[in-house]
Amino acid sequence: MIDLAHVTAWVFDMDDTLYPRDQGLMSLVQARINAYVVEAVGLDPESAGILQRQFLDEHGTTLAGLMANYTIEPEHFLHDVHDVPMDALEPNPRLREQLLRLPGRRFVFTNGAREYAGRVLDRLGVTDCFDGVFAIEDADLTPKPEPSTYRRMLQRFGFEPRSAAFFEDTPRNLEAAKAMGMATILIGDGHGKPLGDHIDHVAPDLVDFLSELTFRDAAA
């Protein structure tokens, strides 16, 4: 049974969480990230891809890894890699309907750039469903899963973690949320990564999961 009766703050990762992975938007971003690493580091594409995956594992984002090991302009990186068309992303009236059913406040918590997040939410048709967006610039470029970034997000939006539910497609990004007391919901298959007992619920699809909540289950 899904018991989220205590939740009054609903926190959502964005990419591959608010929309299905198979729509392919992140593959476009990933291609631009890989191309950026090739140019910035001077490696061949295969080696750059290996380095980029290493940065993800060790630092949470490619940008954080580049900043720790090379001299780059973060603002240029964020603009360049997120400069992708939104054509592959489908507007989602069902998502909008289910978000608006949730009692309390709703937030986006993303490692993506602020301007990019605005474009994604606008394309999905859900911009006005959210009370706030916490993007990578708001974290001074320190990404999830760094616990300090979660604390900054909590301070920004002003809610207690034990009143919150956090939805993510990356298993390790749910660890800090769980440690702070949030209910945790993994959307998707976890990209083949270990899941662990820090995940309260696993759902193949966000909209289907939200539609199963009743007002009694999710009442404030």
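Data block above holds the structure.
The rules behind each value
Residues numbered from 1 in each chain as written. Predicted model: local features only at pLDDT ≥ 70, side-chain atom pairs only at ≥ 80, totals over all residues. Heavy atoms only, no water. Phe/Tyr/Trp six-rings, centres within 6.5 Å; stacked < 30°, edge-to-face > 60°. Helix = DSSP H or I, 4+ residues; strand = E, 2+ residues; numbered from the N terminus. Buried < 20%, exposed > 50% of the residue type's maximum accessible area, 1.4 Å probe, protein only. Lys NZ or Arg CZ within 6 Å of the ring centre and 35° of its normal. Core = buried A, V, L, I, M, F, W, Y, C linked by side-chain atoms within 4.5 Å. Contact = heavy atoms within 4.5 Å. Pairing = 2+ DSSP bridges. Axes fitted to C-alpha atoms, helices over the stretch in contact; angles between N-to-C directions.

Got a minute to help me understand the packing of aromatic side chains in this structure?
Aromatic ring pairs are reported here in terms of the distance separating the ring centres and the angle at which the planes meet. Throughout the structure, instances matching the rule amount to twelve aromatic pairs. Between the aromatic rings of Trp 10 and Phe 167, the centroid separation amounts to 6.4 Å while the plane-to-plane angle is 25°, which identifies the pairing as stacked. Here Trp 10, found in strand E1 (residues 9–12), pairs with Phe 167, found in strand E4 (residues 164–168); they are 157 residues apart in sequence, far enough to count as distant. Judged by relative accessible area, which is 0%, Phe 167 ranks as buried. With a centroid separation of 6.2 Å and an interplanar angle of 90°, the aromatic rings of Tyr 150 and Phe 166 are classed as edge-to-face. Of this pair, Tyr 150 sits in helix H7 (residues 147–157) while Phe 166 sits in strand E4, placing them 16 residues apart in sequence. Phe 166 matches Tyr 150 in its accessibility class, with the two residues each being buried. Lying across the ring of Phe 109, Lys 144 places its NZ or CZ 4.9 Å from the centre.

Help me understand the nonpolar core in this model?
Most often, soluble globular proteins keep nonpolar side chains buried together rather than apart. With 52 residues, the main nonpolar core has Phe 12, Leu 18, Tyr 116 and Phe 167 as its most contacted residues. With six residues, the single largest contributor to this core is helix H1 (residues 25–41). Once residues within four sequence positions are removed from consideration, Tyr 116 is found in contact with Met 14, Asp 15, Tyr 19, Leu 25, Met 26, Val 29, His 82, Val 84 and Met 86. Within the second largest apolar cluster, 20 residues are counted, among which are Phe 134, Leu 154, Ala 177 and Met 180.

What exactly am I supposed to notice about the sheet that holds strand E2 (residues 105–109) here?
As a general point, the strands of a sheet are linked pairwise by backbone hydrogen bonds and lie either parallel or antiparallel. If you walk across this open sheet you meet the six strands as E3-E2-E1-E4-E5-E6, and the pairing is parallel. Strand pairing shows two members of the sheet lacking a second neighbour, strand E3 (132–134) and strand E6 (201–203), which therefore form its edges. On average, adjacent strands in this sheet sit at an angle of 20° to one another, irrespective of strand direction. Across four bridges, E1 lies against E4 in parallel orientation. Residue pairing in the sheet places Ala 9 in a bridge with Ala 164 of E4. Contacting E1, E2, E3 and E4, H7 runs over the sheet at an angle of about 160° to E3.

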